[in-house]
Amino acid sequence: MKTFGWISIIIGALSLIGSIAGGNSAFGPLFWLGLGITLVCLANRKKNNKEEETKKHSLAHDSRRYPQKDEIQRENRD
């Protein structure tokens with residue numbers, strides 16, 4: 001998705017330059033630019049969400065591995 005987004009940005013930018021230079025409508029190139037920017041942003045957001053989930057999962061794993069203060073105090077009382 002990110003690769004197609006960058007391709008759309010490049011196509012849109014080059015088409016925009018050509019349409020402005022030729023005096024034609026810029027709606028088509030602006031569509032491709034918008035599509036590309038949207039796809040790149042969505043891909044980055046998806047990547048960041050996955051990284052946050054793995055951090056959260058690793059923190060949860062670590063908390064299960066090492067006992068908490070409450071557990072240590074209960075063991076010392078017994």
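Everything quoted here is computed from the prediction, not taken from an experiment.

Reading guide: rules and limits
- Residues numbered from 1 in each chain as written.
- Predicted model: local features only at pLDDT ≥ 70, side-chain atom pairs only at ≥ 80, totals over all residues.
- Heavy atoms only, no water.
- Helix = DSSP H or I, 4+ residues; strand = E, 2+ residues; numbered from the N terminus.
- Contact = heavy atoms within 4.5 Å.
- Expected span 1.5 Å × (residues − 1).
- Buried < 20%, exposed > 50% of the residue type's maximum accessible area, 1.4 Å probe, protein only.
- Arc of directions from axis to C-beta.
- Patch = residues over 30% accessible without salt bridge, like charges linked within 9 Å, V, L, I, M, F, W, Y side chains within 5 Å.
- Areas by Shrake-Rupley, 256 points an atom, 1.4 Å probe, with all protein chains shown as cover.
- Salt bridge = Lys/Arg side-chain N within 4 Å of Asp/Glu carboxyl O.

S.K.: Where do I start with the side chain of S8 in this structure?
M.R.: Tracing the backbone shows S8 in helix α1 (residues 2-22). The residues contacting S8, other than those within four sequence positions of it, are W32, L33, L35 and G36.

S.K.: I tried to follow α1 on my own but got confused; where do I start?
M.R.: Taking 1.5 Å per residue as the helical rise, α1 with its 21 residues ought to reach 30 Å, and the 30 Å between its terminal C-alpha atoms agrees with that figure. Listed as buried for α1 are G5, S8, I9, G12, L16 and S19. Take α1 and look down its axis: the buried residues cluster within an arc of 110°, on one side only. Exposed and facing more than 90 degrees away from the buried side of α1 are T3, L14, I17, A21 and G22.

S.K.: Would you mind showing me how to read a nonpolar patch on the surface here?
M.R.: Taken together, F4, I7, I11, F31 and W32 make up a surface patch of nonpolar side chains, about 490 Å² in accessible area. Elements represented by at least two residues in the nonpolar patch include exactly α1 and α2 (27-65). In terms of residue count, α1 provides more of the nonpolar patch than any other element does, three residues in total. You can see F31 is positioned in helix α2.

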